[in-house]
Amino acid sequence: SVFAENTGHANGLGFGPDGRLFACADGKKQIVAYTPDAKETVIAEGFNSNDLCVSFKGDIYVSDPPGKKVWLVSKSGEKRVVDEGLAFPNGLRFSPDQSLLYVCDMKGRYVYSYNVQPDGTLANKQKYFHVHADDDAVTNADGMTLDRDGRVYVCTSLGLQVFDQAGRVNCIFPKPQDKWLANAVF
């Protein structure tokens, strides 16, 4: 059955610690939250968004590909830019203990790693996971997920690439269609 209609092209989704479903409603330039009965609340607005992840504390990290930014929307609703400069920041996820934030660069060859600071800011940005591609630059690295052991699964133009915690690709599952994969979840 339909959960919600007129969602503003909601795409990046994630559940928060309060059980609400958070979404990037980029068509309305909003981050929204849905209760289990589909009641919508606007959390933040006024910027582009593609994907998000919600911390244990309720802070939301959001990718903004056109702006080449990563945003932090605090639990209180305050928004601020915490990174700039990736060619096309897209999928993002936390390490299992949430001490690290991983961000895919869809137009590049890497998933970047950042240390999450106590105030939510990001530090020690580094190219961490080297994503394989058919050509020299574009991987189409999009959505990603992690398992409980910290392996990272990244959707790409080649298929689902699986990385260990040390940053090495362990395998690539072929994609079932011609277009790149968009997202994965356990």
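Look up a bit, the structure's there.
Attention now goes to the sheet that holds strand E11 (residues 110–116). Taking strand neighbours across the sheet as the criterion, the 4 strands line up as E9-E10-E11-E12 in an open arrangement whose pairing is antiparallel. Of all the strands in the sheet, just strand E9 (89–94) and strand E12 (122–130) have a single pairing partner and so form its edges. Taking the axes of each pair of neighbouring strands and ignoring which way they run, one obtains an average angle of 25° across the sheet. Taken together, the 6 bridges between E11 and E12 define a ladder with antiparallel strand orientation. Bridge assignment links Tyr112 to a residue of E12, and that residue is Lys127.

Here the focus is the side chain of Ser157. Within the secondary structure, Ser157 sits in the loop between strand E14 (152–155) and strand E15 (159–163). Exposure remark for Ser157: the relative accessible area of 15% places this residue in the buried category. Excluding its chain neighbours within four sequence positions, the residues that come into contact with Ser157 are Val138, Thr139, Asn140, Lys175 and Trp180.

Conventions and cut-offs
Residues numbered from 1 in each chain as written. Predicted model: local features only at pLDDT ≥ 70, side-chain atom pairs only at ≥ 80, totals over all residues. Heavy atoms only, no water. Pairing = 2+ DSSP bridges. Helix = DSSP H or I, 4+ residues; strand = E, 2+ residues; numbered from the N terminus. Axes fitted to C-alpha atoms, helices over the stretch in contact; angles between N-to-C directions. Buried < 20%, exposed > 50% of the residue type's maximum accessible area, 1.4 Å probe, protein only. Contact = heavy atoms within 4.5 Å.

So far we have only geometry, and geometry alone does not tell us how the molecule works.
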